[in-house]
Amino acid sequence: MLVGAVLDARRQLDGTYQALSLVLAGADRGVGDSLRGIAERAGAADAVVQLGSVGESQLRTLYAGAIALAYPSLYEGLGLPVLEAYGCDTPVVGSNTSSVAELVLPELGCDPGDPASIAAAMARLAASDGLRAKSLAFGRQLMADELGWDRAAG
């Protein structure tokens, strides 16, 4: 379970970043109990917030208030959450092994099955305002050049 890898990555971060919470929004799809167990074993039960389904407005607020979207996906067709995050000026840490790799900076790419790789990308982002700005500029450019309405409709 990739959420487990993100929880383990959070545990591996030094004390500077361990105050970070992992906020999960969306339908449970039957993994809630498993996730709670993973969080407890990772010593992060209080750091995981499960919201369930949220509306579009609340989702935008969550993205805008986040330090980053952690998206270590094994397989994606496009990676819509990545685009949603960029649309809310939120940087993205994402897989370097799926189509998501095309949507994130190489410095913020991670192996989705390796918590240490996820933790390293998260720490790089959290430690560098310059990298955060670079990620946001990359996301804006990607949205304008590659995924703008003219290209999607053409």
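We now turn to the structure provided with this report. Keep in mind the model is a prediction, meaning the values are calculated, not measured. (Residues numbered from 1 in each chain as written. Predicted model: local features only at pLDDT ≥ 70, side-chain atom pairs only at ≥ 80, totals over all residues. Heavy atoms only, no water.)

## A few points about the packing of helix α1 (residues 2-12) against helix α2 (residues 32-41)
Part 1 of the argument: Orientation of α1 relative to α2, taken along the N-to-C sense of each, is 20 degrees, at an axis distance of 10 Å. Relative to α2, the element α1 is oriented roughly parallel. For the pair α1 and α2, the crossing hand works out as right-handed. Along the contact surface, α1 presents Val3, Gly4 and Leu7, while α2 presents Leu35, Ile38 and Ala39. (Axes fitted to C-alpha atoms, helices over the stretch in contact; angles between N-to-C directions. Helix = DSSP H or I, 4+ residues; strand = E, 2+ residues; numbered from the N terminus. Parallel < 35°, antiparallel > 145°, perpendicular 65-115°, else oblique. Left-handed = near helix turned anticlockwise from the far one by under 90°. Contact = heavy atoms within 4.5 Å.)

## Considerations on the packing of aromatic side chains
Part 1 of the argument: Enumeration over the complete set of coordinates arrives at 1 aromatic pair.
Part 2 of the argument: Centre to centre, the rings of Tyr86 and Phe138 are 6.4 Å apart; their planes meet at 70 degrees, and the pair counts as edge-to-face. Separated by 52 residues along the polypeptide, Tyr86 in helix α4 (residues 80-87) and Phe138 in helix α6 (residues 129-145) bring together distant segments of the chain. (Phe/Tyr/Trp six-rings, centres within 6.5 Å; stacked < 30°, edge-to-face > 60°.)

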